[in-house]
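What the coordinates show
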Amino acid sequence: MPAYKGKLSDAEIQAVAAHVKANRLRLLAHWAVRSADDAVLDPGVGDGAFLVEAALRLTRLGSPGSKCRLYGFDINPAAIAVTESNLRSLTGTESNISL
């Protein structure tokens, strides 16, 4: 049994997990995206969390948000819709995402 069991509520555990996921994705985007001209491909976009971090990184490097070259694929049409919505609302960017 994990040491935190019984000490943290399920909501606290989920909050910590989300924070850790966001930090890992931010580090991965920082490592992978080196230039404002880079293109990013995510072959399984899910909720789009990695593409959001990549878009933010590209913008910080000087790429105009609407011109970020973001590409992704997913077999789930709902995941594509969520990703596109997250990108628009969180970064103001559009992407090239398909099934």
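**A word on the environment of Leu-28**
Tracing the backbone through its elements, the reader meets Leu-28 in helix α1 (residues 10-32). On the basis of relative accessible area, Leu-28 is assigned to the partly exposed category, the value being 38%. For the pair Leu-28 and Phe-50, spaced 22 residues apart in sequence, the C-alpha separation works out to 8.3 Å.

**Focus: helix α3 (residues 77-91)**
An ideal rise of 1.5 Å per residue puts 21 Å on 15 residues; α3 measures up with 21 Å between its terminal C-alpha atoms. Taken residue by residue, α3 has Ala-79, Ile-80, Thr-83, Leu-87 and Thr-91 as its buried positions. Seen along its axis, α3 keeps its buried residues to an arc of 100°; they face one direction. Exposed residues on α3 whose side chains face more than 90 degrees from its buried face are Pro-77 and Ser-89. Positive backbone phi, approximately 75°, marks Gly-92, located one or two places after α3.

**Some remarks on the pairing of strand β2 (residues 69-73)**
Where burial is concerned, the two faces of β2 differ: the one with Leu-70 and Gly-72 is buried and the one with Arg-69, Tyr-71 and Phe-73 is not. Pairing geometry for strand β1 (residues 39-42) and β2, over four bridges, is parallel. The partner of Ala-39 across the bridge, within β2, is Arg-69.

**Some remarks on the side chain of Thr-83**
Examined against the element boundaries, Thr-83 turns out to sit in helix α3. Exposure remark for Thr-83: the relative accessible area of 0% places this residue in the buried category.

**Quick notes on the pattern of salt bridges**
Should their charged atoms come close, side chains of opposite charge can pair. In this structure the tally under the stated criterion is one salt bridge. The partner of Arg-26 in a salt bridge is Glu-53, and the shortest N-O contact between them spans 3.6 Å. With Arg-26 in helix α1 and Glu-53 in helix α2 (residues 49-60), the pair connects residues that are 27 residues apart, well separated along the chain. Using a relative accessible area of 37% as the deciding quantity, one classes Arg-26 as partly exposed.

**With respect to α2**
Its 12 residues give α2 an end-to-end C-alpha distance of 17 Å, which sits within 8% of 16 Å, the value for a rise of 1.5 Å per residue. A large share of α2 lies buried, amounting to nine of its 12 residues. If you check which residues of α2 are buried, you get Ala-49, Phe-50, Leu-51, Val-52, Glu-53, Ala-54, Ala-55, Arg-57 and Leu-58. Once α2 ends, the next one or two residues include Gly-62, with phi positive near 110°.

Rules behind the numbers
- Residues numbered from 1 in each chain as written.
- Predicted model: local features only at pLDDT ≥ 70, side-chain atom pairs only at ≥ 80, totals over all residues.
- Heavy atoms only, no water.
- Helix = DSSP H or I, 4+ residues; strand = E, 2+ residues; numbered from the N terminus.
- Buried < 20%, exposed > 50% of the residue type's maximum accessible area, 1.4 Å probe, protein only.
- Expected span 1.5 Å × (residues − 1).
- Arc of directions from axis to C-beta.
- Pairing = 2+ DSSP bridges.
- Salt bridge = Lys/Arg side-chain N within 4 Å of Asp/Glu carboxyl O.

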